[in-house]
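# A closer look at the structure
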Amino acid sequence: MLLSFLAAALIGITAPRAQSNAEYSFRQQSVVDGQAFNNNGDPVPILSMDCLAANGYGQWTMSSQPGVGSFTTGSGTTSGATEYPPGWFLLPNGLYSPSTHHDPSYLDPNHVQCIPPGVVQCGEFDSPMSSETEVTANLDGTVDYVWPDRTTLGTPFLIKQFTNSEVDLSLSYFSNPQPVTQVIPTATGNMNVVTGTLHDGSSTTAKVCGSGCPGACTHSVISGLTQFQDEFQVASDAHYLYIVWSTSENLCSAPLSEVWATVVDLTTRTTVAGWPKLLGPGQMPTVACDPRNNRTSPSPAFEAAWIQPNASPGIARITCTAGSLGSSYTLPLFYINPSGTTKIYNTI
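Residues numbered from 1 in each chain as written. Predicted model: local features only at pLDDT ≥ 70, side-chain atom pairs only at ≥ 80, totals over all residues. Heavy atoms only, no water.

### Some remarks on the pairing of strand β8 (residues 143-148)
The condition is simple: Buried, partly exposed and exposed residues are distinguished by accessible area as a fraction of the type maximum, computed with a 1.4 Å probe on protein chains only: under 20%, between the cut-offs, and over 50%, respectively. Numbered from the N terminus, helices here are DSSP runs of H or I no shorter than four residues, and strands are runs of E no shorter than two. Strands are treated as partners if at least two bridges between them are detected by DSSP.
Counting buried residues in β8 gives 6 out of 6 residues, a clear majority hidden from the surface. Every second residue of β8 is oriented toward a common face, with Val143, Tyr145 and Trp147 on one face and Asp144, Val146 and Pro148 on the other, all of them buried. As judged from the 4 bridges shared by strand β7 (residues 134-137) and β8, these two strands associate in the antiparallel manner. Counterpart to alanine 137 in the pairing with β8 is valine 143. Linkage of β7 to β8, two consecutive antiparallel strands, is achieved through a turn of 5 residues, within which glycine 141 is found at a positive phi near 100°. Where β8 meets strand β9 (residues 157-162), 6 bridges bridge the pair, whose relative direction is antiparallel. Bridging from a neighbouring strand, valine 146 pairs with isoleucine 159 of β9.

So this is what it looks like as structure tokens:
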């Protein structure tokens, strides 16, 4: 009887299905860099999206290229290069080919009723930006753009930060709408979500590391890799920013390259005492942490992994708990694929 019941129950179960856009009717468009709706020439951003991080406010990215297009009205010309300059961008969950002005009668097929490009807001960095920029966002509203300063000895990391006090989602301007401006203006009474300016911070790469490197020597971020994301990586939780990078300068233990890590206090935007620290020989590091961690009684906690040199090939992994590094260990040189077959992998 039980088996009959289970069989009947299984027959009655509806197979899972994927949801389709027919249920939601989201606008769907093909988005091409620099192309407005029907190629109408309206201002449009070009998003190189060299990095990307998401939190409750949206998706934070950057573009190293200015926007294009323009339109002219009786009040002047609006330029895509001015409206969407190289710098930081806050995006919602959709990008569109924009139509930013239109015929009042909505009869012009090239300038239909306003279609926004999918940019909540954008702005320029207050110092020369770098094409080697990473971004991380925690779940409490802090966003950090990070890049190595190649113009300074030791390539210290520069930090450009928004905190939750600079982002306002109250939409209080609905009671007194004002013309929208993408870039943060100096005047008050606008309809911007990002209402404050970037905070500056930095973190050194210098460290005393023993007899192999006397004194506080610098360990500059390696350069010249095909993808700059392989040179350094960032992550953040509620209290700290974590940065890992590889270096070939002033090596302390490795013959070719080493991986280092540092910790930055998000409130003071300065390096935490005792850091940076050497993680081990290797290259191409990555770092991860629990974004909800350290809301109370903060102490650094993260995990890092990197590729070890060919002398001892494999992927190394290390854990930092309560500010202290554990022992690194090498992951096995094989994996099990979905079919259950063991496969050997090779390092780069």
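### A short note on the packing of aromatic side chains
Note the cut-off: Note on aromatic contacts: the rings of Phe and Tyr and the six-membered ring of Trp form a pair at centre separations within 6.5 Å, being stacked when their planes are under 30 degrees apart, edge-to-face when over 60 apart, and tilted otherwise.
Enumeration according to the criterion identifies 11 aromatic pairs in this entry. Each ring, one from tryptophan 88 and one from phenylalanine 162, has its centre 5.0 Å from the other, and the planes form 75°; the classification is edge-to-face. With tryptophan 88 in strand β5 (residues 87-91) and phenylalanine 162 in strand β9, this residue pair connects regions lying 74 residues apart in the sequence. Under the relative-accessibility criterion, tryptophan 88 is labelled buried at 2%. A ring pair is formed by tyrosine 242 and phenylalanine 302, whose centres lie 5.1 Å apart and whose planes are at 40°; its orientation type is tilted. With a gap of 60 residues between them, tyrosine 242 in strand β14 (residues 240-247) and phenylalanine 302 in strand β19 (residues 302-307) connect regions that are remote in the sequence. Phenylalanine 302 matches tyrosine 242 in its accessibility class, with the two residues each being buried. Through pairs of rings, three or more aromatic residues link up here, namely Phe157, Phe228, Phe232 and Trp245.

### So, the confidence of the model for the protein
Detailed reading of predicted coordinates is not advised where the pLDDT is low. Under the convention used in this document: Each residue carries a pLDDT score, the predictor's own confidence in it, on a scale running from 0 to 100. Whether two residues are in contact is decided by their heavy atoms: any pair within 4.5 Å suffices.
Taken over all residues, the pLDDT of the protein has a mean of 82, while the share at 70 or more is 77%. Averaged pLDDT values for the elements of the protein fall to 44 in helix α1 (residues 2-12) and rise to 97 in strand β13 (residues 232-236). pLDDT under 50 marks residues 1-15. Its contacts with residues more than four places away, or in other chains, come to 0 contacts. Contacts for the low-pLDDT stretch residues 179-189, under 50 throughout, to residues beyond four places or in other chains number 25 contacts.

### Points about the nonpolar core
Heads up, the condition is: Residues belong to one nonpolar core when they are buried, are Ala, Val, Leu, Ile, Met, Phe, Trp, Tyr or Cys, and are joined through side-chain atoms within 4.5 Å.
Of all hydrophobic cores here, the largest spans 17 residues; its most connected members are Trp60, Trp88, Val135, Val143, Tyr145 and Phe162. Sorting the residues of this core by element identifies β2 (58-63), β5, β7 and β8 as the ones contributing at least two each. The element contributing the most residues to this core is β8, with 3 residues. Within the second largest apolar cluster, 16 residues are counted, among which are Ala235, Tyr240, Tyr242 and Phe302.

### A look at unusual backbone geometry
Cis geometry marks the peptide bond from tryptophan 275 to proline 276; its omega dihedral reads 10°. Within the secondary structure, proline 276 sits in the loop between β16 (270-271) and β17 (277-281). Phi angles above zero are rare outside glycine, and asparagine 39 is one such case at about 55°. Secondary-structure assignment places asparagine 39 in the loop between α1 and β1 (52-55). Despite not being glycine, alanine 322 has its phi angle at roughly 50°, a positive value. Position of alanine 322 relative to the elements: it lies in the loop between β20 (315-321) and β21 (324-325).

### Some details on the side chain of threonine 247
Heads up, the condition is: Each polar contact in these results corresponds to two N or O atoms within 3.5 Å; when the atoms are within protein, one needs to be able to donate a hydrogen and the other to accept it, and residues that are neighboring in sequence are counted only if both atoms are side-chain atoms.
Here threonine 247 lies in strand β14. Residue threonine 247 is classed as buried on the basis of its relative accessible area, which comes to 0%. In this structure the side chain of threonine 247 is engaged in a polar contact, spanning 2.7 Å, whose partner is the backbone oxygen of serine 220. Other than its neighbours up to four places away in sequence, threonine 247 contacts His219, Ser220, Ile222, Leu256, Ser257, Glu258 and Trp260.

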